[in-house]
Amino acid sequence: KLQRTLDPTGAPLEADSMASPAGSPKGVGGGYVGLAGKTNRQSPAQPKPSGKKFFQHSQGSSTPRPSPEEHTPRHSNGQAAPPQAPAAAPSGSGTRAAIVISGCTGKYKLINETYEPLQMTHKDRPCWRARSSAPVYLFHTGKSRWVISKRINDGARCYAFVPDNGSSDPTQCPGPWMCCSEDNNWVKDENIKCATAQASNDQFTLLRSQVEDELAQYGLMDDKSLRQMWRKLDSNGNNVVSLAEIDALVVDMTKAGLWPDWLNNKESIRRAYEKTIKLDSEDHDDWVEKEEFHSLLLNLFWFGHLHEFFEHLDTSHDGSLSREEFSAGMTQLGIELSRDQVDKEFKSIDLDNSGQVRFTEFCAYVRRRVQPDHNPAFDADIVPKDKSTDTMRKKHGDQATHGQFVAKKTLADFDKLEKEIKDIVKANDQAKLSKMWKRLDFNGNNIVSLAEVDKMVNEQFPLLNHKPALMRAFQATLRAGNGDEWVQKHEFKMLLGNLFYFNKLFWLFDQVDEDHDRRMTLKEFQWCMSMCGVKMSQSKSEAEFKKIDVNGGGIVLFDEFCRYFTDRECPEAMQEFVDHL
């Protein structure tokens, strides 16, 4: 049961607004020229500014006192060069302290933690992450509250919050904190204390605090990017994915140059998968579910970093660390240990007394350093019992109701329809095309309007019933034709191609705001192609991008990308439908 925060009069408070993509200004010069030979809408001339470098320290700034918002309780749930160790926090007035939350005894007592400062900011305010293995964050919503939640977002769903009085951090707020009760109502908790503490200088803790900033640089912290990537990963739309599917995603993203190469490691991917399903999941089955996807990405980057460092320490390249390799590694991190201390630490890590430390044992050691009161389940092996069938039945019903569960649009649905349409168009099947055209052009005047196309889609292709995509596909067909207000018979194949690919791409990338054109950079183009399952090298993607960006402005419109993709995937659609014209 989800509750909404109420003001004293009982009315819901206004939620944080979501930023919508800016409209694309009209540029100068020609846009993408499709296979039909017509010039499409022009691209903006000025590129968007590039993002900051990875692991760069973010600077917070004070902001005016925010306005109210709503909150809803949420449920808990050769050898490569050595990786650079993160620098310790600077001393002096610029040093950011950790924050300790204590005293919560209710439903979400998991918020009782030490929160280490992150390098990233949110709404120009600092953020903190709990030392616990589960992702729990303390941040400002950008309006009038500091909140504790499992995601850094608008804070509308959270574990607890405290009203802000214009302070620079939550320790200066008078309180009291508001928490979710057992009956899912917001209640004051006078026992919750919020105090500063010295931030950790442990190198692994500092490295852990940089992962969120790195995810943000790769565009993996915002809800829209997560939805896009989940749709690619969960191609059959059943809201669960396996280890094999996760591995395939990492391979695709690293090969496309969108993710760093060190993520593509089977051992670290398995560790990320195991932690997600066993510690971050509520049901602990053998599947990663949609609500666990953010945790999976955090784990992929975190264990990827650890494995990169582990491989650097493993100078013998045998997949394990000896005592000498471990000692040398600690010295590289600036952790000076005596011989006796090294022996003691190594024995505490080498749980099977083999004289060698495996990657899993190394991860457990790092876990204890980051969170001293660690949970041993962090490094447990995969649960031997296959619970996947029980979980699917529990959450999604038996076979009789399973069809209702998968009724939403899925990538598999689009793939199936794509094959059907391409088979007709590529074969130039005049009989089928003529039959489809006659059904569309029921009055036989050889021209059809937008309303007639809309009717055909609803009756024959309900998968393609997204109105903004339909309208833009229709307009793209007109522009590539003779520019009038009707689709003519010889443009029918082009219309079919545009209808399908505009719908597929709009669904995949959530292009639902028909009043704005999304502007796409080269990196976003590479991202889009990867999401569509197209594998390209860096040089190939740059060359393809230049085909669309004909004025060299470094940016293309999303409509132009849709037209380019249609040309690329089904060039036969750009040929005229003859049928004795």
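Every chain is numbered independently, its residues counted from 1 as its sequence is written. For a predicted model such as this one, the threshold for reporting local features is a pLDDT of at least 70, and the threshold for listing and counting side-chain atom pairs is 80 or more; totals across whole chains, interfaces and linings nevertheless cover every residue. Side-chain calculation: all heavy atoms of the structure are included, whereas hydrogens and water are not.

1. Let's talk about the sheet that holds strand β10 (residues 186-189)
The sheet built from 9 strands is open, its strands ordered β10-β9-β8-β6-β5-β4-β3-β2-β11 with antiparallel pairing. Each having just a single partner strand, β10 and β11 (193-197) make up the two edges of the open sheet. In this sheet, neighbouring strand axes are inclined to one another by 30° on average, regardless of whether the strands run parallel or antiparallel. Pairs of strands are assigned from DSSP output, requiring at least two bridges between the strands. Here a strand is any run of E in DSSP of at least two residues, a helix any run of H or I of at least four, and the numbering for each starts at the N terminus. One ladder, built from 5 bridges, connects strand β3 (residues 114-122) with strand β4 (residues 125-130); its direction is antiparallel. Across the sheet, H122 pairs through a bridge with R125, a residue of β4. Each axis is a line fitted through C-alpha atoms, taken for helices only over the stretch in contact, and angles between the N-to-C directions span 0 to 180 degrees.

2. Regarding the environment of E245
Residue placement: E245 occurs in helix α4 (residues 243-255). The sequence separation of E245 and D234 amounts to 11 residues, and the corresponding C-alpha distance is 8.1 Å. Residues count as neighbours in contact if any of their non-hydrogen atoms are within 4.5 Å of one another. Those residues in contact with E245 that lie beyond four places of it in its chain are L233 and V240.

3. Some words on the side chain of E325
Within the element layout of this structure, E325 appears in helix α7 (residues 323-332). Note on exposure labels: buried denotes an accessible area under 20% of the residue type's maximum, exposed denotes more than 50%, and partly exposed covers the range between, all computed with a 1.4 Å probe on protein chains only. Positive charges are assigned to Lys and Arg, negative charges to Asp and Glu, while His and the chain termini are left out of the count. Any Lys or Arg side-chain nitrogen found within 4 Å of a carboxyl oxygen on Asp or Glu counts as a salt bridge. Look at E325: it is buried, it has no salt bridge, and the nearest opposite charge is R323 at 11 Å.

4. Focus on the pairing of strand β5 (residues 137-140)
Because side chains alternate across β5, one face comprises the buried residues Y137 and F139, and the other comprises L138 and H140, equally buried. Bridge analysis of β4 against β5 gives 2 bridges, and the strand direction is antiparallel. Bridge assignment links R129 to a residue of β5, and that residue is Y137. Taking the residues between adjacent antiparallel strands as the criterion, β4 and β5 are bridged by 6 residues. Alignment of β5 against strand β6 (residues 145-149), held across 4 bridges, turns out to be antiparallel. Bridge assignment links H140 to a residue of β6, and that residue is W146. Taken together, β5 and the strand that follows it, β6, pair antiparallel across an intervening segment of 4 residues, in which G142 is found at a positive phi of about 95°.

5. Things to note about the pattern of salt bridges
What the rule picks out here adds up to 22 salt bridges. The residue D415 makes a salt bridge to K504 at a minimum N-O spacing of 3.7 Å. Of this pair, D415 sits in helix α12 (residues 411-426) while K504 sits in helix α16 (residues 492-509); the two residues are 89 residues apart in sequence, bridging distant segments of the chain. Residue D415 is classed as partly exposed on the basis of its relative accessible area of 38%. A relative accessible area of 4% places K504 in the buried class. Note that D423 and K419 form a salt bridge whose closest N and O atoms lie 3.0 Å from each other. Residue D423 and its partner K419 are located together in helix α12, separated by 4 residues, close to a single helical turn. Using a relative accessible area of 54% as the deciding quantity, one classes K419 as exposed.

6. What to know about the packing of aromatic side chains
Think of a pair of aromatic rings as described by two things: how far the centres are apart, and how the planes are tilted against each other in angle. Under the pairing criterion, centres of Phe, Tyr and Trp rings, with the six-membered ring standing for Trp, must be within 6.5 Å; the plane angle then separates stacked pairs below 30 degrees from edge-to-face pairs above 60, leaving the rest tilted. The final tally for this structure, using the stated rule, is 25 aromatic pairs. When the centroid spacing of 6.1 Å and the interplanar angle of 75° are considered together, the rings of F204 and F362 count as edge-to-face. Residue F204 is located in helix α1 (residues 203-208), and its partner F362 is located in helix α9 (residues 359-370); the two are separated by 158 residues in the primary sequence. Judged by relative accessible area, F204 falls into the buried class, the value being 3%.

7. Notes on the packing of helix α3 (residues 223-233) against α4
Between α3 and α4, the shortest axis-to-axis distance is 10 Å and the interhelical angle comes to 115°. For α3 against α4, the interelement crossing comes out right-handed. Packed against α3, whose contacting residues are M229, K232 and L233, the element α4 presents E245, I246, L249, D252 and M253 at the interface. A class-by-class count of the residues in the contact of α3 with α4 yields 5 nonpolar, no polar and 3 charged. Take the far helix as the reference: if the near one is turned anticlockwise from it by less than a right angle, the crossing is left-handed, and if turned clockwise, right-handed. Put simply, Ala, Val, Leu, Ile, Met, Phe, Trp, Tyr, Cys and Pro go in the nonpolar bin, Asp, Glu, Lys and Arg in the charged bin, and everything else, Gly too, in the polar bin.

8. Topic: the pairing of β3
The buried fraction of β3 is high, at 7 of 9 residues. In this sheet, β3 lies alongside strand β2 (residues 98-102) in antiparallel orientation, the contact comprising 2 bridges. Within β3, the residue paired with I99 across the bridge is Y115. Connecting β3 to the next strand, β4, in antiparallel fashion are 2 residues, including K123 with a positive phi near 55°.

9. Thoughts on unusual backbone geometry
Here G175 and P176 are connected by a cis peptide whose omega angle stands at 0°. Within the secondary structure layout, P176 lies in the loop between β8 (160-163) and β9 (177-180). Residues other than glycine seldom take positive phi values, yet N184 does so here, at roughly 65°. Given a relative accessible area of 12%, N184 falls into the buried group.

10. Here's the deal with helix α15 (residues 467-480)
Expected span of a helix: the number of residues minus one, times 1.5 Å. If you check α15, its first and last C-alpha atoms are 20 Å apart, about what 14 residues at 1.5 Å a residue would give, namely 20 Å. Among the 14 residues in α15, 10 count as buried, and that is most of the element. For α15, the complete set of buried residues consists of P468, A469, L470, R472, A473, F474, A476, T477, L478 and A480. Buried positions along α15 lie against β14 (447-448), α14 (450-460), β15 (487-488), α16 and α19 (558-569).

11. Considerations on the nonpolar core
Note on terminology: a nonpolar core comprises buried Ala, Val, Leu, Ile, Met, Phe, Trp, Tyr and Cys residues joined through side-chain atoms within 4.5 Å. In terms of nonpolar packing, the biggest core is built from 139 residues, with I111, M229, W259 and F561 touching the most fellow members. F561 has contacts with L505, M520, F525, C528 and M529, leaving out every residue within four places of it along the chain.

12. What to know about the state of the cysteines
Any pair of cysteine sulfurs within 2.5 Å is marked as a disulfide. The tally for this structure, following the rule as stated, stands at 0 disulfides. In this structure C194 is not part of a disulfide, and its nearest cysteine sulfur, from C173, lies 7.6 Å away. The class for C194 is buried, based on a relative accessible area of 18%.

13. Things to note about the side chain of D234
Mapped onto the fold, D234 is located in the loop between α3 and β12 (240-241). Notably, D234 is buried but unbridged: the nearest opposite-charge side chain belongs to K290, and the N-O separation is 7.3 Å. Side-chain atoms alone can form a polar contact between residues adjacent in sequence; in general such a contact is a pair of N or O atoms within 3.5 Å, and within protein one must be able to donate a hydrogen while the other accepts it. From its side chain, D234 meets the backbone nitrogen of N239 in a polar contact 2.9 Å long.

14. As for the environment of Y137
Positionally, Y137 belongs in strand β5. Considering only alpha carbons, one finds Y137 and Y159, 22 residues apart in sequence, at a separation of 9.9 Å. Polar contacts involving the side chain of Y137 include one to the side chain of E212, which spans 2.6 Å.

15. Describing the confidence of the model for the protein
Known as pLDDT, the predictor's per-residue confidence is scaled from 0 to 100. Averaged over all residues, the pLDDT of the protein is 74; the fraction at 70 or higher stands at 74%. Per-residue pLDDT, averaged within each element of the protein, yields its smallest value for helix α11 (residues 399-405) (37) and its largest for β2 (94). This stretch, residues 1-29, has a pLDDT under 50; its non-local contacts, to residues over four places away or in other chains, come to 64 contacts.

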